[in-house]
Amino acid sequence: MVKSTRILRPKFTTHADGSDAVLVMHELVGETDGPTIGLSAAIHGNENTGAQAMVDIWRAIKDLPLKGRILMLPVANARAMAVNHRFTPIDELNLNREFPGNRSGNYTQQLAAAITSEFLEKIDVHIDLHAGTDRPTVDYVYIWNDEELSRAFGSKILYRPVMDKGGTVFSGTTKAVTLDRRGIPCVVIELGGGIVDQTPYVTRTVDGVLNMLRHLGAIPGDVKPAPKQIVVDEIETIRPTQGGWLEPLSPPLGEVIEKGQLLGRVVSPYTFETLEEIPTPFDRGIMILSHLSRNLVESGDFGFMVGNLARATD
Ligand SMILES: [Zn+2]
């Protein structure tokens, strides 16, 4: 059984309203020794699917036999999640571009520094839950340095980024600490989002994370084999160049889209004209992020993500 559970609230600064700025973390300590597995969510405040899953993951593991420790940071950017905003409202910075952070910097840099010292430097494995925000829906898992752990989440599509020479593509993300500085196994999961019921995505997140914990030997039970998986190394993000109603025309996530098919179109809410038709970028692609409902978008918002199947592997 889990030997003990407790809530940790390290303070990192004081808000102008007098309240303490704290990280709220759950520590579950097992009866036998083992690595500390860190779970985090809501580094982007408008990606709350993972934060919802954290509630259920905690309920699922608190009465199980546990080897090692689990450290959960269910809401990494509390101020941002409270207002359903991607960036920290205090300084409008993207927390996931500020790691390892700076104790003497602006608010988001102080938050990043606290997450680095209180969480990322105290864990041996990192699983970070992202989602597609409250508009688009997304479904893939990054492969960084532990492919088997990434596969164990059970998503169909995996993404192995081709790193640029200086490694600057993802600079300032949690990986600046976990991968670049410490070299611990780390997995970023992108699942859920959109103006749709999140229950299926929350359920998949819980099942996937529990399977990863079984794979790591932290909780008992057989590891569920992954479905047939596809690894892409090239994903294109397509943003509408016009604002208006984005009407999705793409196949469902995980399905193939061929040259000539449209991802969607932007229609003016005022004149009802079609302002833009959005083609798919590859001869053969696979849908990774899309809008599942007719959503109002600004020019340049996240529209679609398509993986290139030309170089995909199993
Ligand atoms: Zn995110």
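**Student:** Would you explain the environment of Thr 13 in this entry?
**Tutor:** Among the secondary structure elements, Thr 13 is positioned in strand S2 (residues 11-14). Each C-alpha atom of the pair Thr 13 and Leu 111 lies 8.6 Å from the other, and the pair is 98 residues apart in sequence. Among all residues touching Thr 13, those that are not within four sequence positions of it are Asp 20, Ala 21, Tyr 107 and Gln 110.

**Student:** Can you walk me through the nonpolar core in this structure?
**Tutor:** In terms of nonpolar packing, the biggest core is built from 36 residues, with Leu 39, Ile 70, Ile 189 and Leu 213 touching the most fellow members. Of all the elements, helix H6 (residues 199-215) adds the most residues to this core, at seven residues. Setting aside its immediate chain neighbours within four residues, Leu 213 contacts Ile 37, Ile 61, Ile 70, Ala 218 and Ile 219. Ile 43, Ala 114, Leu 120 and Ile 123 belong to the second-largest nonpolar core, a separate cluster that totals 22 residues.

**Student:** Any chance you could explain the pairing of strand S8 (residues 137-142) here in plain terms?
**Tutor:** A regular strand places its side chains so that they alternate between the two faces of the sheet. Among the six residues of S8, six are classified as buried, and the element is accordingly described as predominantly covered. Burial of S8 is two-sided: the residues Thr 137, Asp 139 and Val 141 facing one way and the residues Val 138, Tyr 140 and Tyr 142 facing the other way are all buried. In this sheet, strand S17 (residues 284-290) lies alongside S8 in antiparallel orientation, the contact comprising two bridges. Paired with Thr 137 across the two strands is Ser 290, which belongs to S17. In terms of strand pairing, S8 meets strand S10 (residues 186-192) through four bridges, oriented antiparallel.

**Student:** Could you clarify how one ought to interpret the domain arrangement of the protein chain in this entry?
**Tutor:** How large an interface is tends to be reported as the accessible area lost when its parts come together. Annotation of the protein chain at the domain level lists domain 1 (2-230) and domain 2 (236-311). Centre-to-centre separation of domain 1 and domain 2, based on C-alpha positions: 28 Å. Contact residues are listed per partner, giving 12 residues for domain 1 and 16 residues for domain 2. At the boundary of domain 1 and domain 2, one finds zero salt bridges. Looking at the side of domain 1 that touches domain 2 element by element, the count peaks at four residues for S8. Its residues assigned to classes, the side of domain 1 that touches domain 2 comprises eight nonpolar, one polar and three charged.

**Student:** It is not clear to me how empty space enclosed by the protein should be interpreted in this structure. Could you clarify?
**Tutor:** Over the atoms rolls a probe the size of a water molecule, and in doing so it shows where empty space is left. Enumeration over the complete set of coordinates arrives at one cavity of 30 Å³ or more. Of the pockets and cavities examined, the largest cavity occupies roughly 40 Å³. Surrounding the largest cavity, His 126, Asp 128, Trp 144, Thr 174, Lys 175, Thr 178, Cys 186, Val 187 and Val 188 form its lining. Broken down by secondary-structure element, the contributors of at least two residues to the lining of the largest cavity are strand S7 (125-130), helix H5 (175-181) and S10. No other element matches the three residues that S10 contributes to the lining of the largest cavity. Of the residues contributing to the lining of the largest cavity, the split by class is four nonpolar, three polar and two charged.

Rules used throughout
Residues numbered from 1 in each chain as written. Predicted model: local features only at pLDDT ≥ 70, side-chain atom pairs only at ≥ 80, totals over all residues. Heavy atoms only, no water. Helix = DSSP H or I, 4+ residues; strand = E, 2+ residues; numbered from the N terminus. Contact = heavy atoms within 4.5 Å. Core = buried A, V, L, I, M, F, W, Y, C linked by side-chain atoms within 4.5 Å. Buried < 20%, exposed > 50% of the residue type's maximum accessible area, 1.4 Å probe, protein only. Pairing = 2+ DSSP bridges. Domains from an automatic or database assignment. Salt bridge = Lys/Arg side-chain N within 4 Å of Asp/Glu carboxyl O. Nonpolar A, V, L, I, M, F, W, Y, C, P; charged D, E, K, R; others polar. 1 Å grid on protein atoms, 1.4 Å probe; cavity = no way out; pocket = protein on both sides within 12 Å on 5 of 7 lines; lining within 4 Å. Points joined across faces, edges and corners; volume = space filled by probe spheres on them.

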